[in-house]
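What follows is the residue order along each chain.
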Amino acid sequence: MDLEMCEMVLQPASGYAVTATAISHFTQLASNLPCEDTFSSGAYTYEKDPAKAWCEWGLFDGHAGSRTAELLSQILAGAVGEKLWDEGCFDRPYKPNDTFIIDALKTAFKKVDDDIVKHAMELVRSGQPDRATVVANIAMALSGSCALFALYDPVRHVLRVANTGDSRAVLGRWDGQKYIAHAMSVDQTGFNEQEVERLKRDHPEEDVVDPKTGRVHGIAVSRAFGDARWKWPQEFSKRAHELFWGPSPRPDRMIKTPPYLTAEPEVMETVVEVGERPDFLIMATDGLWDNMSSDDAVACVQLWLDKNKPTTFLEQSQQSPEVMPPPGLGQKPPGPQPPGWQQPKVFPPWLASTFTPSYSTPAEVSGEDEDVYYDKDERCLKWKVSPKHFINEDAHCGIHLVKNALGGKRRDLFTGIMSVQPPLSRNVRDDITVHVVFFGVDGQQAIKH
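Parameters and conventions
- Residues numbered from 1 in each chain as written.
- Predicted model: local features only at pLDDT ≥ 70, side-chain atom pairs only at ≥ 80, totals over all residues.
- Heavy atoms only, no water.
- Phe/Tyr/Trp six-rings, centres within 6.5 Å; stacked < 30°, edge-to-face > 60°.
- Helix = DSSP H or I, 4+ residues; strand = E, 2+ residues; numbered from the N terminus.
- Lys NZ or Arg CZ within 6 Å of the ring centre and 35° of its normal.
- Salt bridge = Lys/Arg side-chain N within 4 Å of Asp/Glu carboxyl O.
- Buried < 20%, exposed > 50% of the residue type's maximum accessible area, 1.4 Å probe, protein only.
- Contact = heavy atoms within 4.5 Å.
- Pairing = 2+ DSSP bridges.

Novice: Just give me the short version of the packing of aromatic side chains, but keep the residues and values in it.
Specialist: Within the structure shown, the criterion is met by 13 aromatic pairs. Both rings, one in Phe-109 and one in Phe-225, keep their centres 5.6 Å apart while their planes meet at 50 degrees; by these two values the pair is tilted. Of the two residues, Phe-109 is situated in helix H3 (residues 99-126) and Phe-225 in strand S10 (residues 225-226); the sequence distance between them amounts to 116 residues. Ring geometry for Trp-174 against Tyr-179: centres 5.2 Å apart, planes inclined by 70 degrees, an arrangement best described as edge-to-face. An aromatic cluster is defined as three or more aromatic residues linked by ring pairs; in this entry it consists of Trp-174, Tyr-179, Phe-280, Trp-304 and Phe-438. Over the aromatic face of Phe-100 sits the side chain of Arg-92, whose NZ or CZ is 4.1 Å from the ring centroid.

Okay, structure coming up:
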């Protein structure tokens with residue numbers, strides 16, 4: 001694909017989600033077919049003033065299929081909102097790192113996962129003759145998904161990020177000279193020493209984590225929704241495999257004292273600064289972080305802010321109608337939703353990229369670029385990303401981030417990466433989904449329109 005065609009691929013799954021107090025630039029680039037990432041965005045409001053509505057943004061990075069991630073994009077926001085409402089969290093006076101609210105978030109996550117896994121167990125055990133129903137319903141438990149969920153209280157400017165898995169959230173905060181990266185999540189894998197210690201405490205007689213790969217009995221994350229083979233007793237995994245075409249169970253010598261994975265999130269909190277240089281939040285699945293560091297991602301967004309405003313696209317909204325969100329965004333959860341979950345205004349990326357001619361150097365084309373190399377361990381051509389490779393030419397910040405993670409101004413590298421098709425593309429890059437959330441902006445005008 002040439003550069004123009006690559007742009008055409010990035011545009012359709014990109015856009016803007018607008019609430020009264022924050023704006024998200026979101027984008028998605030699939031590698032798997034179908035894409036195993038999903039995402040959500042919305043607001044919880046129970047008052048007439050939308051500026052008081054708590055906002056949510058979610059990313060769900062699926063694995064072993066897309067079914068768990070698809071389900072989470074539809075129900076997790078509603079489950080969280082219902083729990084926060086029932087516990088009176090929306091009216092609760094602010095207290096830093098309030099364990100009451102943090103426990104409510106953890107309870108909501110765990111209940112959703114328990115419902116998924118236990119319901120599937122009941123179906124496997126039932127022996128009911130409707131095999132198609134069983135197959136369809138246990139799929140949400142047999143696949144798995146990480147979940148990264150940001151919750152913003154605009155009245156108190158409090159941002160909480162709940163993380164299950166290895167998607168990552170990074171806050172960009174102005175230090176007087178430049179934006180600095182502040183972690184809002186920690187990757188939950190077998191390379192995380194705290195996770196290793198937790199698994200040792202829970203399974204003291206077992207070698208659960210491979211120290212070389214960081215995998216937990218073969219899986220790359222230590223926390224996730226679904227993934228029943230790491231949570232069920234072994235006989236249920238065998239029964240699902242033998243009767244309902246489930247994936248092969250893990251070896252008996254591995255699965256001794258399940259569950260090994262949990263969906264309980266770790267929650268981090270900060271008070272957002274909304275002054276002249278307001279904070280911004282980058283949320284992305286690991287497909288982005290495989291190729292870009294947290295510091296470089298923040299530097300990349302700052303580069304974009306040097307030339308663009310997060311609200312520029314709103315001028316275009318006066319001439320163009322609001323559009324329906326892409327799959328996975330703004331799907332209202334089923335059933336009653338106290339407080340009233342609302343879909344944000346969603347706009348397409350009308351502003352085309354402002355291309356400035358830029359070409360690969362002869363060294364890059366000939367393979368002499370030291371930042372593009374063959375990885376013998378993964379047996380694949382890899383690349384390094386740093387600010388020297390960045391280019392600032394896109395009106396949409398999410399597209400800007402993805403493009404720079406995949407080569408930036410190195411056109412030959414970028415178009416080559418984008419041209420690899422499924423299933424080979426999965427050996428080159430993972431699915432990538434990004435929210436860039438800008439705080440301290442007035443989305444009220446868009447809400448009214």
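Novice: Describe the pattern of salt bridges, with residues and values.
Specialist: On inspection of all chains with the given rule, the structure shows 24 salt bridges. For Arg-173, the salt bridge identified is with Asp-279, shortest N-O distance 2.7 Å. On the criterion of sequence distance, the pair formed by Arg-173 in strand S8 (residues 168-174) and Asp-279 in the loop between strand S11 (266-271) and strand S12 (280-284) is long-range, its members being 106 residues apart. Side by side, Arg-173 and Asp-279 carry an identical accessibility label, which is buried. Where Arg-198 meets Asp-202, a salt bridge forms, and the shortest distance between an N and an O atom there is 4.0 Å.

Novice: Tell me what's going on with the environment of Pro-154, and back it up with residues and numbers.
Specialist: Note that Pro-154 resides in the loop between strand S6 (147-153) and strand S7 (158-164). You can call Pro-154 buried: its relative accessible area is 8%. For the pair Pro-154 and Ala-53, spaced 101 residues apart in the sequence, the C-alpha separation amounts to 7.1 Å. If sequence neighbours within four positions are ignored, Pro-154 has contacts with Thr-21, Ala-51, Lys-52, Ala-53 and Trp-54.

Novice: An account of the pairing of S8 is requested, with residue identities and associated values reported.
Specialist: Among the seven residues that make up S8, six are buried, leaving the element largely enclosed by the rest of the structure. With five bridges joining them, S8 and S12 adopt antiparallel strand pairing. The residue bridging Val-170 from the neighbouring strand is Ile-282, located in S12. Taking the residues that link successive antiparallel strands as the turn, the S8-strand S9 (residues 179-183) hairpin has four residues, and the phi of Gly-176 there is positive, at about 110 degrees.

Novice: Which residues make up unusual backbone geometry, and what values do they have?
Specialist: Cis geometry is adopted by the peptide bond preceding Pro-34, which originates at Leu-33 and carries an omega value of 5 degrees. Following Pro-422, the chain continues into Pro-423 via a peptide bond in cis, with omega recorded as 5 degrees. In this fold, Pro-423 is placed in the loop between helix H12 (411-419) and strand S17 (432-439). Phi at His-157 is positive, roughly 60 degrees, even though this residue is not glycine. Within the secondary structure, His-157 sits in the loop between S6 and S7. A relative accessible area of 30% places His-157 in the partly exposed class. With phi around 50 degrees, Asp-227 is a residue other than glycine that occupies positive phi space.

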